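Each chain, letter by letter, is given below.
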Amino acid sequence: MTRSDEFSQLDTPLETSASPALKFEVFARCSTTKARASKMHLPHYTAHTPMFMPVGTMGSIKGITTKQLEALDCHVILGNTYHLGSRPGPELLERAGGLHKFMAWNRGLLTDSGGFQMVSLLKLANITEEGVEFENPHDGKKMMLTPEMSIGLQNAIGADIMMQLDDVVSSLTVGPRVEEAMQRSIRWLDRSIKAHKRPTEQNLFPIVQGGLDERLRTISAQELVKRGSPGYAIGGLSGGEAKGSFWRMVTLSTDILPTNKPRYCMGVGYAEDLVVCSALGVDMYDCVFPTRTARFGNALVRTGSLSLRQGRYKADFTPIDKDCDCSTCKNFTRAYLHTSVTKETTGCHLVTVHNIAFQMRLMRDIRYAIVRDQFPAFIRDYIKTRFGKTVPLWIVESLKSVNVDLTVPDGSGYTATPIEDDFQKEPNW
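Now for a description of the structure that goes with this document.

Calculation criteria
- Residues numbered from 1 in each chain as written.
- Predicted model: local features only at pLDDT ≥ 70, side-chain atom pairs only at ≥ 80, totals over all residues.
- Heavy atoms only, no water.
- 1 Å grid on protein atoms, 1.4 Å probe; cavity = no way out; pocket = protein on both sides within 12 Å on 5 of 7 lines; lining within 4 Å.
- Points joined across faces, edges and corners; volume = space filled by probe spheres on them.
- Helix = DSSP H or I, 4+ residues; strand = E, 2+ residues; numbered from the N terminus.
- Nonpolar A, V, L, I, M, F, W, Y, C, P; charged D, E, K, R; others polar.
- Salt bridge = Lys/Arg side-chain N within 4 Å of Asp/Glu carboxyl O.
- Buried < 20%, exposed > 50% of the residue type's maximum accessible area, 1.4 Å probe, protein only.
- Expected span 1.5 Å × (residues − 1).
- Contact = heavy atoms within 4.5 Å.
- Core = buried A, V, L, I, M, F, W, Y, C linked by side-chain atoms within 4.5 Å.
- Pairing = 2+ DSSP bridges.
- Axes fitted to C-alpha atoms, helices over the stretch in contact; angles between N-to-C directions.
- Parallel < 35°, antiparallel > 145°, perpendicular 65-115°, else oblique.

**Observations regarding the layout of surface pockets**
Considered as a void within the structure, the second largest pocket measures approximately 820 Å³ in volume. Along the walls of the second largest pocket sit 32 residues, with V301, T303, G304, S305 and L306 positioned nearest its centre. Among the elements that make up the lining of the second largest pocket, the one with the highest residue count is strand β18 (residues 304-307) (four residues). Split by residue class, the lining of the second largest pocket holds 13 nonpolar, eight polar and eleven charged.

Structure follows, in structure tokens:
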């Protein structure tokens, strides 16, 4: 694969913003939806958006080298502050000259704050105004993660983009705890900004919170905009909430956040979510899904996914995807992968390569469609291929909100019949 060149014919951006460590240039806007195609100039790399960022928890993606990630045209990858802070630790990373040098990665890095892991993966002891108190999984001792500690760890890691520590609550939480967490996250943002020691080398993104409450989301987004950050994240979603609530919180947020700065929807990685959220005005995504599902033998394709463990692939000598130019699809058959996935590390590696290539190609196709102002046609073609005659209602409603009505026939006569289910595994013809 080669470097994306979708902007090669565009010389003048429509809108820009410049911060000490980030320049964002919007080069194309969809004339129908809220989608845009942009360049995000970071200290280590110029990323093209909308983009998907693979997750490398410990500074690496299981079974994949950084050279392979470059060949797959990954622009930015994500690291986990909590895990990197535990091992190899900030002292070693500082001695190595930061995570970029430590892992031999010359492109963009984004680190989360570590707060999500405190809540989701560890036994939470308490959240106070000071920070998140939790039990160390190694020795059971109580530890405290504060906004200042999180920023200190991320300064040592040296990522191009850092995330504020926020007070994380489940997207299914209701009541006064949601507003408490939203307001506390704003206060923690101010402490994070004050603690940030490398503002000319690293960017600090705040996180819009507020659960599924439109009023709280609005307050949060408006308060964050006042801080004039280089970019913004939409957090607290993709946690099991109904998809109808999910997309409404996303579009509410993008309506408020600045048009000349990047918008990052955290934890989003399903292909249909990437298409829809790009139409709603989102620029950046991350999720463990593509690489994690590969380790279970699931290969991503435009119609959904192939479970290569199934016997139907035992004598299938075609590639995962005949239109994919990744090294897996060029050299290996479904039959070969069937014999090795979930049993040999080679199989997991090969499917991981393909799944990352799938995500990168999807995002590249989205950018090309936006640049050519053909994104609505791309959406219709994608939805038709992925779902067939029936499409989850939330997708129909979200796209209709940005002027793409799947229930109205297109040039080919295709129309979608909405169904109540949030998920549809395979196309329905």
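**Things to note about empty space enclosed by the protein**
The final tally for this structure, using the stated rule, is two cavities of 30 Å³ or more. Considering only enclosed or pocket space, the largest cavity measures out at about 60 Å³ in volume. Considering the residues around the largest cavity, the lining is formed by ten residues, among which M51, D73, H75, M360 and R367 are closest to the centre. Per-element tally for the lining of the largest cavity: the top contributor is helix α14 (residues 345-371), with three residues. Considering only residue class, the lining of the largest cavity consists of six nonpolar, two polar and two charged.

**Describing the pattern of salt bridges**
In total, this model carries 26 salt bridges according to the counting rule given. Among the salt bridges present, the one from R107 reaches D73, with a minimum N-O distance of 3.9 Å. With R107 in the loop between α4 (99-103) and β7 (108-111) and D73 in the loop between α1 (66-71) and β6 (76-79), this pair connects stretches of sequence that are 34 residues apart. A relative accessible area of 12% places R107 in the buried class. In this structure, the salt-bridge partner of D190 is R227, at a minimum N-O distance of 2.9 Å.

**A look at helix α15 (residues 375-387)**
Structurally, the α-helix is built with 3.6 residues per turn, so residues lying three or four positions apart point the same way. The first and last C-alpha atoms of α15 sit 18 Å apart over 13 residues, in line with the 18 Å expected at 1.5 Å per residue. For α15, the set of buried residues is F375, P376, F378, I379, R380, Y382, I383, R386 and F387. In this structure, the buried residues of α15 make contact with α10 (271-279), β18, α14, β19 (390-392) and α16 (393-400). Just downstream of α15, G388 is the residue with a positive phi angle, here 80°.

**Re the nonpolar core**
One finds F375 and I383 to be the most contacted residues of the largest nonpolar core, which totals 90 residues. Those residues within four positions of I383 in sequence are excluded, and the remaining contacts are G388, V391, I395, L399, L406 and Y414. If you look at the next biggest cluster of nonpolar residues, it comprises 20 residues, including L22, F24, A47 and A233.

**Notes on the sheet that holds strand β11 (residues 161-163)**
Taken in spatial order, the four strands make up an open sheet running β6-β7-β11-β12, and their pairing is parallel. Edge strands, defined here as strands with exactly one partner in the open sheet, are β6 and β12 (203-205). Neighbour-to-neighbour, the strand axes of the sheet open up by a mean angle of 25°, direction not taken into account. Bridging between β11 and β12 involves three bridges; their strand directions are parallel. Note on β12: the bridge partner recorded for M163 is F205. The strands touched by helix α6 (residues 147-157) within the sheet are β7, β11 and β12, with β11 carrying the most contacts at an inclination of about 160°.

**Focus: the packing of helix α7 (residues 176-195) against helix α8 (residues 214-226)**
The N-to-C vectors of α7 and α8 enclose an angle of 5°; their axes lie 10 Å apart at closest approach. Put simply, α7 runs roughly parallel to α8. Every residue of α8 that contacts α7 at V178, E179, M182, Q183, I186 and L189 is listed here: R215, L216, I219, S220, E223 and L224. In terms of residue class, the contact of α7 with α8 is built from seven nonpolar, two polar and three charged.

**Comments concerning the sheet that holds strand β1 (residues 15-19)**
In spatial order, the strands read β1-β2-β3-β4; together these four strands make up an open sheet with antiparallel pairing. Unpaired on one side and paired on the other, β1 and β4 (46-49) mark the two borders of the sheet. Geometrically, the sheet is characterised by an average inter-axis angle of 15° between neighbouring strands, direction not taken into account. Judged from the five bridges that link them, β1 and strand β2 (residues 22-29) form a sheet pairing that is antiparallel. Looking at β2, one finds that S19 is bridged to L22. Across the face of the sheet, α14 comes into contact with β2, β3 (36-41) and β4 while running at roughly 115° to β3.

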